Amino acid sequence: MPVAASAIYFLNLRGDVLINRLYRDDVGGNMVDAFRVHIMQTKELGTCPVRQIGGCSFFYMRISNVYIVIVVSSNANVACAFKFVVEAVTLFKSYFGGAFDEDAIRNNFVLIYELLDEIMDFGYPQNLSPEILKLYITQEGVRSPFSSKAADKPVPNATLQVTGAVGWRREGLVYKKNEVFLDIVESVNLLMSSKGSVLRCDVTGKILMKCFLSGMPDLKLGLNDKIGLEKESQLKSRPAKSGKTIELDDVTFHQCVNLTRFNSEKTVSFVPPDGEFELMKYRITEGVNLPFRVLPTIKELGRTRMEVNVKVKSVFGAKMFALGVVVKIPVPKQTAKTSFQVTSGRAKYNPSIDCLVWKIRKFPGQTEPTLSAEVELISTITEKKSWTRPPIQMEFQVPMFTASGLRVRFLKVWEKSGYNTVEWVRYITKAGSYEIRC
């Protein structure tokens, strides 16, 4: 359920109430005393931001020298409460010239009360967009003397922006060249056994967009996801096209996406914000295309020597390449001397992290560079425990490659004036937690 806040308090570091607002009558006005005695005056203030005292829950966060405390008497959504606090602080800063502290609150009592009445109704969060609220709360706050940020100018047509579904975009935007940049950025998380079997693998991705479009355009994005292609074939009464399809898990969208249309047609339709924003996030757990396979062989020759052989094979196409590839191979702490032979890149021993660090600036596809190293160890009498081998770790970035197989089928831009647009699409795959046991 939503927040359903009963009260909100703004306290300084001494626990004095700077300002407060009661939204419901299910809590008493002395609830702040319980917070001050049971939380602020104990050593548990910074341990957990959620505390229960009696029949009430306290959600609190420190911003600068101010504590913001939300009191609820029912089972509320904690994440929503903290999201509300973060966006409320952003709103206050937009009115106060970028500052939010005890002095800013004391100088803007009237304005804060007015904003608190608008952004929360009977304990439920409302619109917190600074662009929209400044259309009808035109009072300027007392700005910090250290702030040089110019006051934001209110945009026209308040009725359309407040009552419509495009509060994230204002009217009247004009660009000489209409362009859309779309980046699909993925992070591969892998845990592989020493025998080459995959123990855990998934891909987390996000679609980033940068729009420089005039007017109020309507965009439609088509991906090669399985559900979307099946729905499209049903609506057009024809079989789906052959090709690789993927199943997206845990999809979250920017607020500009038309969820009603997505639920019915499985297409991503939206009126984009101006500039850069994150359109959606997703996760893939099946059918992951690993960009690299690592084959390590580590032999311990007695107590004073080790032989390390590592082969890294790039699985992506021969015309592609990876950038900034780093392979970190762990060695014992008592390493004294190392010698290397590499077929590509450079390698060195880094004693601060107890690893052999192999760097390849540009790694072509369908190649298998190798590293061979001899490691000399210091023999110690006290060291009786066998060395527990940490996993090999990789860092990389592969342009124009997606581990999930996600592809943009089309990106359509419609605007009533009918101007032409230029669309740019880029794919990037990075290493998240890419580990191989050795």
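The name an unreviewed UniProt entry gives the chain is AP-2 complex subunit mu-like, with Sesamum indicum as the organism. The UniProt entry for the chain carries this comment under Sequence similarities (unreviewed entry): "Belongs to the adaptor complexes medium subunit family."

(A) Region of the structure containing a nonpolar patch on the surface. Together, Phe-109, Val-110 and Tyr-113 make up a nonpolar patch on the protein surface, roughly 270 Å² of accessible area in all. Structurally, Val-110 can be placed in helix α4 (residues 109–119).

(B) View of the pattern of salt bridges. Scanning the model with the defined rule gives 14 salt bridges in all. Between Glu-179 and Lys-177 there is a salt bridge, and its shortest N-O distance comes to 3.6 Å. The salt bridge involving Glu-307 is made with Arg-305; its shortest N-O contact spans 4.0 Å. Judged by relative accessible area, Arg-305 falls into the partly exposed class, the value being 33%. Linked through salt bridges whose partners overlap, the residues forming this network are Lys-311, Lys-313 and Glu-368.

(C) Inspection of the confidence of the model for the chain at higher detail. Mean pLDDT over the chain stands at 85; residues scoring 70 or higher make up 88%. Taken together, the stretch residues 147–163 has pLDDT below 50 and engages in 26 contacts with residues farther than four places along the chain or on a different chain.

(D) Quick look at the nonpolar core. Of all hydrophobic cores here, the largest spans 64 residues; its most connected members are Met-209, Leu-279 and Phe-292. The element best represented in this core is strand β8 (residues 179–192), accounting for six residues. Looking at which domains feed residues into this core, each of domain 2 (179–284 + 404–428) and domain 3 (292–381 + 388–399) gives three or more. Dropping the residues within four chain positions of it, Phe-292 is found in contact with Val-312, Lys-313, Ser-314, Val-315, Phe-316, Ala-322, Val-325, Phe-363, Met-394, Phe-396, Val-398 and Tyr-434. In this structure, Phe-10, Phe-59, Leu-91 and Ile-119 belong to the second largest nonpolar core, which totals 35 residues.

Procedures and definitions
Throughout, a residue's number is its position along its own chain's written sequence, starting from 1. Confidence filtering applies because this is a predicted model: local features only for residues at pLDDT of at least 70, side-chain atom pairs given and counted only at 80 or more, and all residues used for totals across whole chains, interfaces and linings. Think of the side-chain values as coming from all heavy atoms in the structure, minus any hydrogens and water. UniProt positions are given in the numbering used here, feature names are shortened, and annotations may be inferred rather than shown by experiment. Patch rule: a residue counts if its relative accessible area is over 30% and it has no salt bridge; like charges are joined within 9 Å, and nonpolar side chains (Val, Leu, Ile, Met, Phe, Trp, Tyr) within 5 Å. Residue burial considers only the protein chains on display, and all accessible areas are found by Shrake-Rupley using a 1.4 Å probe. Salt bridges are defined by distance alone: a side-chain nitrogen of Lys or Arg within 4 Å of a carboxyl oxygen of Asp or Glu. Put simply, DSSP H or I for four residues or longer makes a helix, DSSP E for two residues or longer makes a strand, and each gets a number counted from the N terminus. Burial here depends on accessible area, computed with a 1.4 Å probe over protein chains only, as a share of the maximum for the residue type. Under 20% is buried, over 50% is exposed, and the range in between is partly exposed. Scored from 0 to 100, pLDDT reflects the predictor's confidence in each residue. Contacts were defined at the residue level, with two residues in contact if any of their heavy atoms lie within 4.5 Å. Remark: nonpolar core denotes a set of buried residues (Ala, Val, Leu, Ile, Met, Phe, Trp, Tyr, Cys) joined through side-chain atoms within 4.5 Å. Annotation comment: domain bounds sourced from an automatic or database domain assignment.

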